[in-house]
Amino acid sequence: MTNSLPKLIFMSLLLMGAHVLAEVALLEEIRNLRLQGRLDDARLLADRELEAGELDQQLAIELNLELARILDRSGLHTNTRPVAAALEHLEAAQSLLEPPNLAGRAAVELGLAYYYYRAEMAGREFQIATTHVQRAIVLFSQLADESGEADAVHLLGLIKLQSGNLQEARELFEQSLTLDKAGANRVWFRGEYERHVGYVLQTSGDRLAAIPYFKRSLVARLEAGAIDASMFAALTLAESQFVLGDLGDAAINAEYALSIGERISSPVGKARATDLIERIKENKKDAQDELESN
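Residues numbered from 1 in each chain as written. Predicted model: local features only at pLDDT ≥ 70, side-chain atom pairs only at ≥ 80, totals over all residues. Heavy atoms only, no water.

The next point concerns the overall build of the protein chain. Counting its regular elements, the protein chain contains 13 helices and 0 strands. Principal axes of the C-alpha set define a box for the protein chain whose edges measure 100 × 35 × 35 Å. Looking at the protein chain as a whole, 45% of its 294 residues qualify as buried. Long-range pairs, those at least 24 residues apart, make up 59% of the contacts in the protein chain with a sequence separation of at least 6. For the protein chain, the accessible surface area stands at approximately 15200 Å², while carbon and sulfur atoms represent 54% of it. Taking the 30 positively charged and 44 negatively charged side chains of the protein chain as two groups, their mean positions are separated by 2 Å. (Helix = DSSP H or I, 4+ residues; strand = E, 2+ residues; numbered from the N terminus. Buried < 20%, exposed > 50% of the residue type's maximum accessible area, 1.4 Å probe, protein only. Contact = heavy atoms within 4.5 Å. Areas by Shrake-Rupley, 256 points an atom, 1.4 Å probe, with all protein chains shown as cover. Lys, Arg positive; Asp, Glu negative; His and termini not counted. Charge placed at Lys NZ, Arg CZ, Asp CG, Glu CD.)

Here is the structure:
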């Protein structure tokens, strides 16, 4: 009996380790499907796991948070943000929290901050979003989770950007990049940083200076496998190139965006890309006509 006890403990630990690894792999698969723009597949897999039976608390929280992200992304593609069902999943995750779970609380606060950032966009006040994101920053800092804190600080930068506080937004984006480099140093996050610093420059009136940032954002998103997000990066770049008169490169990026929009069935992506391609063609024709008339 005494000889078998250590072996039983060892086997239990192995099984626990395998269980945790399986959960991590599941969440990573759902996340990758979302990044690729396969939102129906991602949602189906997450829903199936939630409905399958009893789950441990943390996995149930993570699945609800992931479903909120998936639904929000679907809302982006159909221009229906904020998505009420996303808030329902965030509230479901919140209801599962227990006091010791600081990591869960931080993730839920950040999820709520993103939701209300979308919901409060029309008024540009962001009072509820700011409250949640500041709570998330404090919690991630307490956990010494640099990546989570980077996400929260970056969202606060987006709030400042949308509020017209460009200098404060730029400072927060720089702070978020420093935090992320100290943490996981994610390629995907670098794409977010480049994109939003580009927006700061463009909004301040220096569209030409924003171009390299938009280019690096597209490269980073592609490198991270974020096919969905790469479509929007290509559109932003193409639209800026069009305004600056770089019609050749604008056409290349717009055509890429259209191909992704068709692949992932994005009404918004396809409409924006198609409209831009038509404007590029029209400008090229006008330029050709002017040349021939001279």
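Now, onward.
Residue Pro-82 is reached from Arg-81 by a cis peptide bond, and omega for that bond is -5°. Here Pro-82 lies in the loop between helix H3 (57–78) and helix H4 (84–95). Phi is positive for Asn-79, close to 55°, though the residue is something other than glycine. With a phi close to 55°, Arg-124 is a non-glycine residue in the positive phi region.

Taken N-terminus to C-terminus, the directions of helix H8 (residues 166–182) and helix H9 (residues 187–203) make an angle of 165°; their axes are 10 Å apart at the nearest point. The pairing of H8 with H9 is recorded here as roughly antiparallel in orientation. The element H8 and its partner H9 pack so that their crossing is left-handed. Contacts between H8 and H9 involve Leu-166, Ala-169, Arg-170, Phe-173, Glu-174, Ser-176, Leu-177, Asp-180 and Lys-181 from the first element and Phe-189, Arg-190, Tyr-193, His-196, Val-197, Val-200, Leu-201 and Thr-203 from the second. (Axes fitted to C-alpha atoms, helices over the stretch in contact; angles between N-to-C directions. Parallel < 35°, antiparallel > 145°, perpendicular 65-115°, else oblique. Left-handed = near helix turned anticlockwise from the far one by under 90°.)

With that settled, consider the packing of aromatic side chains. The full count for this structure, using the stated rule, is 3 aromatic pairs. Ring centres 5.1 Å apart and planes at 90° place the aromatic pair Tyr-115 and Tyr-116 in the edge-to-face group. Accessibility classification places Tyr-115 together with Tyr-116 in one group, the buried group. On the basis of an interplanar angle of 65° and a centroid distance of 5.4 Å, the ring pair of Tyr-199 and Phe-214 is categorised as edge-to-face. Residue Tyr-199 is found in helix H9, and its partner Phe-214 is found in helix H10 (residues 207–223); the two are separated by 15 residues along the sequence. It is Arg-216 that lies over the ring of Tyr-213; its NZ or CZ is 4.6 Å from the centre. (Phe/Tyr/Trp six-rings, centres within 6.5 Å; stacked < 30°, edge-to-face > 60°. Lys NZ or Arg CZ within 6 Å of the ring centre and 35° of its normal.)

Scored by pLDDT, the protein chain comes out at a mean of 93, with 91% of its residues at no less than 70. This model gives residues 1–5 a pLDDT under 50, and the stretch forms 0 contacts once residues within four places in sequence are excluded. (pLDDT = per-residue confidence, 0-100.)

Right, let's talk about the pattern of salt bridges for a bit. Inspection of every chain in the model, using the stated rule, returns 19 salt bridges. A salt bridge links Asp-72 to Arg-81; the nearest nitrogen and oxygen atoms lie 2.8 Å apart. When its relative accessible area of 27% is taken as the criterion, Arg-81 is described as partly exposed. Residues Glu-168 and Lys-160 are paired through a salt bridge, measuring 3.8 Å at the closest nitrogen-oxygen approach. Accessibility expressed as a relative area gives 36% for Glu-168, which makes it partly exposed. Of the residues examined, Lys-160 reaches a relative accessible area of 22% and is grouped as partly exposed. One network of salt bridges, in which partners are shared, links Arg-34, Glu-66 and Arg-69. (Salt bridge = Lys/Arg side-chain N within 4 Å of Asp/Glu carboxyl O.)

Attention shifts here to the nonpolar core. Within the largest apolar cluster, 73 residues are counted, with the highest numbers of intra-cluster contacts made by Tyr-117, Phe-173 and Ile-280. If we skip the residues at most four places from it in the chain, Ile-280 touches Phe-242, Leu-247, Ala-250, Ala-251 and Ala-254. Formed by 11 residues, the second largest nonpolar core is a distinct cluster that contains Ala-46, Leu-59, Leu-63 and Ile-70. (Core = buried A, V, L, I, M, F, W, Y, C linked by side-chain atoms within 4.5 Å.)

It is worth spelling out H9 at this point. Taking 1.5 Å per residue as the helical rise, H9 with its 17 residues ought to reach 24 Å, and the 25 Å between its terminal C-alpha atoms agrees with that figure. Of the surrounding secondary structure, the elements contacted by the buried residues of H9 are helix H7 (146–162), H8, H10 and helix H11 (227–243). Positioned one or two residues after H9, Gly-205 has a phi angle of 105°, which is positive. (Expected span 1.5 Å × (residues − 1).)

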